[in-house]
Every structure is written in structure tokens, then in C-alpha cells.
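Take a look at the letters that make up each chain.
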Amino acid sequence: MKRRQFLTSSSATLLTAGILSSLTTRRALAQGTAPLVRLSMPPLLDTRATGRLSLTAMASSKRFLDGPATATVGFNQDYLGPTILVQNGDLATEVTNTLDEPVSAHWHGLLVPGEHDGGPHLAIAPGATWRPEMRITQDPATVWYHSHIHHRTAEQVYFGLAGVIHVTDGRDDQRGLPSEYGVDDLTLVLQDRRFDSAGGIVYDPSMMDVMHGFAGNRMLVNGQAGATAVVPEGIVRLRLLNGSNARIYTLFFDDTRPMHLVATDGGYLPAPVALEVLRLAPGERAEILVDFATGGAPVLLSDPVQPYGILQFEKDPSLTARITRLPDRLDGAPEDLSGKEVRTRQISLDMGMGGMMMGGGGIAINGRPFDMNRIDFEVALGSVERWHVRSTMVAHPFHVHGVRFRVASENGAPPRPENTGWKDTVLVPGEAEILARFDQPASPETPLMFHCHILEHEDAGMMGQFTVS
Ligand code: C2O
Ligand code: CU
Ligand code: CU
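Rules and cut-offs
Residues numbered from 1 in each chain as written. Chains lettered and ligands numbered in written order. Predicted model: local features only at pLDDT ≥ 70, side-chain atom pairs only at ≥ 80, totals over all residues. Heavy atoms only, no water. Helix = DSSP H or I, 4+ residues; strand = E, 2+ residues; numbered from the N terminus. Buried < 20%, exposed > 50% of the residue type's maximum accessible area, 1.4 Å probe, protein only. Lys, Arg positive; Asp, Glu negative; His and termini not counted. Salt bridge = Lys/Arg side-chain N within 4 Å of Asp/Glu carboxyl O. Contact = heavy atoms within 4.5 Å. Donors = N, O, S within 2.8 Å, 3.2 Å for Na, K, Ca; no water. Pairing = 2+ DSSP bridges. Polar contact = N/O pair within 3.5 Å; in protein donor to acceptor, adjacent residues only side chain to side chain.

Some points on the side chain of Asp459
Among the secondary structure elements, Asp459 is positioned in helix α8 (residues 455-460). For the buried Asp459, which has no salt bridge, the nearest side chain bearing the opposite charge is Arg152, at an N-O separation of 7.2 Å. Ignoring anything within four residues of it in the chain, the contact list for Asp459 reads Ile149, His150, His151, Arg152, Thr153 and Ala154.

Side note on the pattern of salt bridges
For the structure shown, the criterion picks out 38 salt bridges. The shortest N-O distance in the salt bridge between Lys315 and Glu233 comes to 3.8 Å. Here Lys315, found in strand β22 (residues 308-315), pairs with Glu233, found in the loop between β14 (228-231) and β15 (235-242); they are 82 residues apart in sequence, far enough to count as distant. By relative accessible area, Glu233 is classed as partly exposed at 36%. Close ionic contact of Arg416 with Glu418 constitutes a salt bridge, the shortest N to O distance being 3.2 Å. When salt bridges that share partners are traced, they join Asp169, Arg171, Asp172, Arg175, Asp185, Arg237, Arg239, Glu287 and Asp331 into one network.

A short note on the coordination of the copper ion (ligand 2)
On the protein side, the copper ion (ligand 2) has His106 (NE2) and His399 (NE2) as donor atoms, found 1.9 Å from it. Of this pair, His106 sits in strand β6 (residues 106-108) while His399 is found in strand β27 (residues 396-400), placing the two residues 293 residues apart along the sequence. Across the pair, exposure class does not vary: His106 and His399 are buried alike.

Describing the sheet that holds strand β26 (residues 384-391)
With mixed pairing, the 5 strands of this open sheet are ordered in space as β24-β23-β26-β30-β28. Looking at the sheet topology across the chains shown, the edges are occupied by β24 (364-365) and β28 (405-410). Sheet topology note: the strand β23 (residues 341-350)/β26 ladder contains 8 bridges and is parallel. The residue of β26 that forms the bridge with Thr344 is Arg386.

A word on the coordination of the copper ion (ligand 3)
Surrounding the copper ion (ligand 3) are the protein donor atoms His396 (ND1), Cys452 (SG) and His457 (ND1), which sit 2.0 to 2.1 Å from the metal. Binding-site remark: the copper ion (ligand 3) is held by donors from one chain whose sequence spacing is H-x55-C-x4-H.

Notes on the side chain of Thr392
Structurally, Thr392 is set in the loop between β26 and β27. Given the relative accessible area of 18%, Thr392 is considered buried. Looking at Thr392, its side chain comes within polar contact range of the main-chain nitrogen of Met351, at 2.9 Å. Beyond its immediate stretch of four places on either side in the chain, Thr392 contacts Ser348, Leu349, Asp350 and Met351.

Keep in mind these numbers describe shape, not what the thing actually does.
See the structure below:
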């Protein structure tokens, strides 16, 4: 009884989380010295029966490590928001802002018109409620939502205004895919955060942090530090979201077990693709299948900056392994858009001299920092365009609202496996060409955004906007 109380008391949980990093957890577990802190999923909010979605942005506080509580913000809870399950059809949505500053709810990856997109033009004032009557019409995918107030996105997301959305058609059993939330279908929000020596979370970007993007010194997964994901001894689906402000992960398992990529940002691939490493830039999602039937308790790591511990896994033989073999095929069929484009645009993600001469600290697109009052270009509704995107100084993750796109080339070569399916965010190390059909209308009052998803870059002006009509 005493021991049980110790294990379940939240202060013990926090203490344990504070002392242990993912890597040391493993060693400690092997030596039998540490109680296992089990990773929890965000609460599931299933909208399928009601067709209604209600979110409230709220101020709170949370202790992440064995340190002082940090002031946080969340949707419906203290940090981050629920995982929202939606299907195609009408979704009567309301988002209430109880904070004392404007927020928004941008549906990153949902294919909705500009007036429902939740970008910077759709700020919700303190005390107000925004009620978009949305209609979901898209393939199953893991998408997400976050606040998107110009100059405030980085800080608001950093302190918690983000969450995951599963678009489902209820047919994953037929596909042979794991679908039991939190058991064999795990949602993993990867975020690095910077902790000071007292264990408090800090956000105080210097000029250098703005240039490179604000990086943390500890990993949080679903807002938890040092927790262990407990999985059945079978095939487990990991829905990975890079919800970090700036860090790019190159993920691999310490025992080199393969990760079978089944979905990218916008939906399923035609068949699983086995990867040894998976690169995930801010804003990107990937769904992978991992076989835990054999082998021990692996750790998910990230290279190359340094071996960066992401998440410890442990097997629990008492959990039912519902799926024990990989599906041979999936029904994703990303459309080939090449040759269908009616025009090409050049997009330069500027840092330093190019943008500097135009002011705005050099962070800009095509030499011009973001201006809420300037529409950068107009796209014809229903048309396909080829965008040639070029990064300067560092690799920028490029994101477009209101579309899913194909990557036609990366540095003149065919795209990496991670970029062969439908995407809405792509890391551009040098240059990349993307092809998109613009099916969602957007007026000059609520245009769609395109920007770097390093949030410090976005807030500093590496963003533009377009209409679709
Ligand atoms: Cu993740 Cu403009 O958004
Ligand atoms: Cu977006
Ligand atoms: Cu950038």
C-alpha cells in the first residue's frame, strides 16, 4: 500500500521525471532502481457522434520536472489539448478564448477554406468565441491544431496551445492497421523545451535563438519528461508530430529495428516503406508501424546534433497484440500532379543579406517580411501550381495552408521516402519543388498562409499569404 501510494502520487511522478532523462531511465530500469513512469496520451475527444467540437483556450500552470510550476496554456486542460477524432461531414466548432491575449485555432493539415483556417486573420479576442461551421472532406490523416497569432505563435505554442487531430474513416481494421488509441495506436507529440537549473521551463529567445530557432535541452513527449511508452508485443502504430518550435529530429531506434512508414502529413502511402531513420521537421507528421514482437525495450533516439533521447519503450505481455503482421498494401494513392501545373512560382526563404536590405532583420520571403495587409499573390481556384522553394542559411521547413502537396524534387533529385506521399510541410535543405492543387477558396479578408515552420522564423516575418478564387 505504501509503495503503491508512492508510485501513483503525482509528486513522485514529477520527481522521477525530473531526475531521469530517457536515456538514463533505461539504465535505471535495467538496474531495477527506478519506478516506471508511464507515458499517457492526451485525452481523446471523439466528435463523430455529435458532429460538434468545443475547445477552450485556458491559462494554467504545470510542473514538468522537479522544479517550480511554469505558467502554461492549453486547450481544455493545462498544457496542449485533447486528441480530436473527426470523420468526414459537418463539424460545428466553437473555440472560446479565456486568456487575456488574442489566440487562434489553426487546423494545420485540414483542408478547409480560408474563413475556417484559423490563421492570424481569425484572432479570437479575450473572452470571445469563434464558431466556424466546418465541413471535413479528406482522406484519413494525422493533422494538428495550434494558435497562430502573428508575432505570438512561437510563444503560445511553446507554452502549450497545440493538439493533434485524427481524421478517420473507421476503416483501419480493414487496412490491418492498429487503431486502439493509447494501446497499439500511440499519438506522440515531440517537443524539446528549455529548462533552467531549477527545473523551470523558460522561453527567452536571444537574437541567436531567433536566427537558429529556439531549441530546448530536454524532451517532452505529450508534455511529459522521462516517461516510458508501454506497448503490446505486436505491431504498434506511432503517430509522430514534431510540435517543437525549431528542432529537426532524425529518429531511429537504438537497436536499429525498422520503422515502417505508412502515412505522411496528408494521408496513407500505397504501401509501408521500411526506414532506418526518419527525419521529422517542425510541423511534419509521420505514422510508422514498429514491431515489438521481438527484441527488448528499445529507445527512440535522434541524431545528428547529438544523441538526443526521445522516448523509452517497454513491453507489457498482458496487453493484447491485435495486429501481428504488417499490411502489404494500404489504400493511399497520392495523385501525380506533374504536368498539370498552370504556373510556377519562385519562393525564397530569406535570412541575412537578401532580406536584410529590405529591413525586418533579414528574415523574410522573397525579400519581404510578412505584412498582414499585403496579399502576396492570387491563385486560381482549382488550379495546380509548381512552387520552387529555396532555403537560405539553414534548412527551413516550408508549410502551406489549405492544401496538401506532392514533392516533385529535392535539390534536383527525387524526394526522400518521407516526402513521397501527400505533404503540407516539407524540410527544404537547399531547394525543393512542390506541386499543389488549390481547392479551398480564400478571400483577401481571410487569406491562406505559407511560411517557415520554425516558429521563431515565422514570427519574425518568414511568412506570406495568398488568396484563392
Ligand atoms: Cu502549423 Cu501556419 O501552421
Ligand atoms: Cu498550417
Ligand atoms: Cu526558417
